Every structure is written in structure tokens, then in C-alpha cells.
Amino acid sequence: MARIELKHIRHAYGAKPSREEDYALKEVHHIWPDGGAYALLGPSGCGKTTLLNIISGLLTPSEGQVMFEEIDVTSLSPERRNIAQVFQFPVIYDTMTVYDNLAFPLRNRGAGENIVKERVMEIADLTDLTEMLSRRASGLTADGKQKISLGRGLVRTDVNAILFDEPLTVIDPHLKFQLRSKLKELHQRVSRTMIYVTHDQTEALTFADKVVVMNVGEVVQIGTPEELFEKPEHTFVGHFIGSPGMNVIPCDIDNGKAFLDGDAVRTTNRAPSGVSRAEIGVRPEYVSFADKGLDAQVVKVLDAGRFRIVETRCAGHPVKLLVPEGGEIPADGAKLELRHDRTRIYCNGRLATEEATQ
Ligand code: ADP
Ligand code: MG
């Protein structure tokens, strides 16, 4: 097991990168303490696989170093780094039985057959493959084959880290939930470093203790699921996480304070001096109808079961809020209250840091 340190990593696929846009991965500088469950979360094309392959050793970064403990492994192969990796699509030996597929990584390292049997049985149980151990892998469904892939990634107990690249993409939704809980359980049992790549916020938030949110080749925030929800450091995080995502409302700034159509809006922070336009970020969970507040018109109501998602127009912009079952939705003359301790100013997408003095 190892603490993984990424030192000023950058990566460009093309030769001679000169501009910022030439980099699929912009500067990543971060330490991953040993034994954590991490997720890399972001939309397709943001650089998750690139970063994962740099950690595993499938890819050598254009710049920077990868350290395992104090050892520089930047130019070492995945094998030498002692890493297990599970990919989006099955990587298995079709002509071997399921048992032999699961046994392969252990036998390859010279494990005795007693150990092999013990581990294979344990992993088969975890991945729900016990009934199929003697069948040839080629006869299994796409689901089954991916479970073998997952099992092969989990079977060794001596790896430094296990990396997963969207491993549940081909798995059906019900089984997905089951396998995800098993992975989480396994992590809690063995506390091995696990890094899980996904574009699905639910997968990331349920699996990981720490989520690394990425957008266009950059890490925009690293935090616990709660931190990402309660205090997004970037409007992208606010919007990408949550359903619906955070409201991002363009506003005027006067003397560091936010205004919407001339009405002052209380926030937890202030904009830096010199700024006249910025954005207010507030989650739909923290907006409510009130007797006084910002003028708004109800545009759309969507019933989501236990609550309704109401879309309003406020100061010329869409603002969503959640109304619990039984809560009233005013027909006209609506006023919105934004919970001030959850309302923040963002400048150029980033959270303005100065704390409010009011
Ligand atoms: P993600 O896994 O988040 O979907 P990737 O890491 O696969 O993103 O890709 C990041 C960016 O790098 C994308 O713009 C993608 O087109 C580009 N890219 C990925 N792999 C290669 C490659 N082998 N050659 C050239 N460009 C690539
Ligand atoms: Mg990918």
C-alpha cells in the first residue's frame, strides 16, 4: 500500500504543446493519503482516464512526477508499480474458465494453489460468480464478463492501489447498485487505496470519502461529498453536483456586496474590490417562498414525489427551488428568500473568499 503523490503533473497527447488548450491535463498537484477511497468525477472528456492512467503507469506524463511513498515511479510500468486496474470494458481471457481468469493475477505472481483457491472463492462470492466458476468466460453475458474483470482487479491483496475506470458502465442498473455497495464494503474491510473514475455523481458520492471534481483538464475541487454539496468552491461543482444543481445568478456588485435588480442580497462572503459584476450561487434546497424577499414569477413546476422542483424567473434569470409536499406555491406575486448562510458570491466561477463583515 502506498501514499500517492502527484507533483506538478501535466499531460499533452500531441507533440510540442505550447498553449494551455494543448494540455488534456493541466496542472495537477496533490497527495492521496494511503488507504482512502477516492473518486475522480467529471463530464466525458475532462481528463479522468488520462489522470488515472498516469497514476497506474499506462501513460507517462509530459511533465511532473508520480511518487509512491518517497519513490519516483514516473517511468515505471503498472506491473512494477504493483497496481491493479479495472477498465470500462471487460479485459479477460475468453478461452479460460471463470476460475482460471480470477486465479490468473495470483498465479502470475507465484501464489500457491491453496491461497489461490481461498482468494478466488472469496472474490467469486463478492462478485456473485460462484455458480459460474467452471464455465468458460466466453459463454458469459457482458455483465458477467465485467464482473470477472472486476474480480481480477480485486483478487490480489498485495497491491499498492486498485484503480477503476468507469467499471460499471456495462452493468445493469440494479446490479450496479449492488456491486457499488460491495466495493464500498470491501474498501472498509481492507482499507486499500482505491481510485474510482466516473461521470456519475451518485456513484462518486456513494463510493468515495474524497471526491476530486474535474472539468476541462483541471481539478476544480477536492472534498468530501458534504463539502462539495455545502460549499462548492466553483460554480461548476455547484452545478454538476446536486439535482437540480446550484442556481448561478448573474448579479451586480457594489462595494463588495451583491445586488439583484437593485435589491441587496445577503451572502456569506464579499466580492474583492474593483469587481462590479459577479454571480450569486445558492442551491435550490436553500431557496424558499416567503412574505418578503426578491420578486419572482413561477415558470414551471415539476413533481418529484416527496417535493416539487419549482422554476421561477427572478431578476431576469431562472432560479429553482424545492418545495416540500404540501408546501404552497404562490400563483402570482411570489417572493423568494435565499438562506444567507448558504448564499455566496462567485467571481469568474470561483468562490470569492472574503468573509462577510455584516
Ligand atoms: P475522460 O476519461 O474524462 O472522458 P480522457 O482522459 O479520456 O477524458 O480525455 C481527455 C482529453 O484528452 C479529451 O479531449 C480526449 O479527446 C483527449 N485524449 C484522450 N486520449 C487521447 C489520445 N490517446 N490521443 C489524443 N487525445 C486523447
Ligand atoms: Mg474516460
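Heads up: the structure comes first, above all this text.
Residues numbered from 1 in each chain as written. Chains lettered and ligands numbered in written order. Predicted model: local features only at pLDDT ≥ 70, side-chain atom pairs only at ≥ 80, totals over all residues. Heavy atoms only, no water.

Here the structure, examined in full by the defined rule, presents six aromatic pairs. Ring centres of Phe164 and Tyr196 lie 5.7 Å apart, and the angle between their planes is 40°; on these two criteria the pair is classed as tilted. Here the residue Phe164 occupies a position in strand β7 (residues 161–165), and Tyr196 occupies one in strand β8 (residues 194–198), the gap between them amounting to 32 residues. Comparing Phe164 with Tyr196, the two get one shared label, buried. Considering the side-chain rings of Phe164 and Phe207, the 6.5 Å spacing of their centres and the 75° angle between planes classify their relative orientation as edge-to-face. You can see Phe164 sitting in strand β7 and its partner Phe207 sitting in helix α7 (residues 201–207), a full 43 residues away along the chain. Like Phe207, Phe164 is buried. Members of the aromatic cluster, connected to one another through ring pairs, are Phe164, Tyr196 and Phe207. Taking the ring centre of Tyr23 as reference, the NZ or CZ of Arg10 above it sits at 3.9 Å. (Phe/Tyr/Trp six-rings, centres within 6.5 Å; stacked < 30°, edge-to-face > 60°. Helix = DSSP H or I, 4+ residues; strand = E, 2+ residues; numbered from the N terminus. Buried < 20%, exposed > 50% of the residue type's maximum accessible area, 1.4 Å probe, protein only. Lys NZ or Arg CZ within 6 Å of the ring centre and 35° of its normal.)

A few words on the pattern of salt bridges. Scanning all chains against the criterion turns up 19 salt bridges. We note a salt bridge from Asp22 to Arg19, for which the minimum N-O separation is 3.0 Å. Arg189 is the salt-bridge partner of Glu122, the closest N and O atoms lying 3.7 Å from each other. Of this pair, Glu122 sits in helix α4 (residues 113–126) while Arg189 sits in helix α6 (residues 173–190), and the two are 67 residues apart along the sequence. Among the residues examined, Glu122 registers a relative accessible area of 35% and is labelled partly exposed. Through salt bridges with shared partners, one network takes in Glu230, Arg339, Asp341 and Arg342. (Salt bridge = Lys/Arg side-chain N within 4 Å of Asp/Glu carboxyl O.)

What follows concerns helix α1 (residues 48–56). The periodicity of an α-helix, 3.6 residues per turn, causes residues three or four places apart in sequence to face the same way. In terms of residue burial, α1 counts as a mostly covered element, since eight of its nine residues are buried. By the burial criterion, the buried members of α1 are Lys48, Thr50, Leu51, Leu52, Asn53, Ile54, Ile55 and Ser56. In the stretch just after α1, Gly57 is the one whose phi turns positive, near 105°.

With that out of the way, let us pick up the pairing of strand β4 (residues 63–68). Pairing of strand β1 (residues 4–11) with β4 involves five bridges; the strand directions are antiparallel. Considered in β4, the bridge of Lys7 is made with Gln65. Two strands pair when backbone bridges link them, and β4 and strand β5 (residues 71–72) are joined in this way by two bridges, in the antiparallel orientation. Across the sheet, the residue bridging to Phe68 is Ile71, located in β5. (Pairing = 2+ DSSP bridges.)

Below, the discussion takes up the sheet that holds strand β14 (residues 277–282). Taken in spatial order, the six strands line up as β13-β12-β11-β14-β19-β20 in an open sheet, and their pairing is antiparallel. Every interior strand has two partners, whereas the edge strands, β13 (263–265) and β20 (350–351), have only one. Sheet analysis places strand β11 (residues 247–254) next to strand β12 (residues 257–260), joined by three bridges and oriented antiparallel. Counterpart to Asp252 in the pairing with β12 is Phe259.

Examined against the element boundaries, Gly238 turns out to sit in helix α9 (residues 235–240). You can call Gly238 buried: its relative accessible area is 0%. A sequence separation of 43 residues divides Gly238 from Gly281, and the C-alpha atoms of the two residues are 7.7 Å apart. Ignoring any residue separated from it by four or fewer positions in sequence, one finds Gly238 in contact with Pro232, Gly245, Met246 and Arg283. (Contact = heavy atoms within 4.5 Å.)

The subject of this paragraph is the packing of helix α3 (residues 98–108) against α4. Two elements in contact, α3 and α4, have axes whose closest approach is 9 Å; the angle formed by their N-to-C orientations is 130°. With respect to each other, α3 and α4 are oriented oblique. Note that α3 runs across α4; the crossing there is right-handed. For the pair α3 and α4, contact is made by Tyr99, Leu102, Ala103, Leu106 and Arg107 and by Glu113, Val116, Lys117, Arg119, Val120, Met121, Ile123 and Ala124, respectively. (Axes fitted to C-alpha atoms, helices over the stretch in contact; angles between N-to-C directions. Parallel < 35°, antiparallel > 145°, perpendicular 65-115°, else oblique. Left-handed = near helix turned anticlockwise from the far one by under 90°.)

Bringing the pairing of β11 into the picture now. Of the two faces of β11, the one lined by Asn247, Ile249, Cys251 and Ile253 is fully buried and the one lined by Val248, Pro250, Asp252 and Asp254 carries no buried residue. Taken together, β11 and the strand that follows it, β12, pair antiparallel across an intervening segment of two residues, in which Asn255 is found at a positive phi of about 55°.

This next bit is on the nonpolar core. Soluble, globular proteins show a tendency: their nonpolar side chains are buried together. Among the nonpolar cores identified, the biggest contains 45 residues, and Leu102, Ile148, Leu154, Phe164, Val211 and Val213 are the most heavily contacted of them. Residues contacting Leu154, with those up to four places away along its chain left out, are Arg119, Ile123, Leu126, Ile162, Phe164, Leu183 and Leu186. Judged by nonpolar contacts, the second largest core, of 26 residues, contains Val282, Phe289, Val310 and Ile345. (Core = buried A, V, L, I, M, F, W, Y, C linked by side-chain atoms within 4.5 Å.)

Inspection of the region around ligand 1 gives Tyr13, Ala24, Pro43, Ser44, Gly45, Cys46, Gly47, Lys48, Thr49 and Thr50 as its neighbouring residues. A distance of 3.1 Å separates an oxygen atom of ligand 1 from a polar backbone atom of Gly47. In this structure, an oxygen atom belonging to ligand 1 sits 2.5 Å away from a side-chain N or O atom of Thr50. Its free accessible area being 560 Å², ligand 1 has 54% of it covered by the protein chains. (Near = heavy atom within 4 Å. Polar contact = N/O pair within 3.5 Å; in protein donor to acceptor, adjacent residues only side chain to side chain. Areas by Shrake-Rupley, 256 points an atom, 1.4 Å probe, with all protein chains shown as cover.)

Time to look at the sheet that holds strand β17 (residues 317–324). The antiparallel open sheet is built from four strands, whose spatial order is β17-β16-β15-β18. This sheet does not close on itself; its edge strands, each paired only once, are β17 and β18 (334–338). Neighbour-to-neighbour, the strand axes of the sheet open up by a mean angle of 55°, direction not taken into account. Judged from the six bridges that link them, strand β15 (residues 287–303) and strand β16 (residues 307–314) form a sheet pairing that is antiparallel. Along β16, the bridge assignment pairs Lys300 with Glu311.

None of the figures reported here should be taken as evidence of function without further support.
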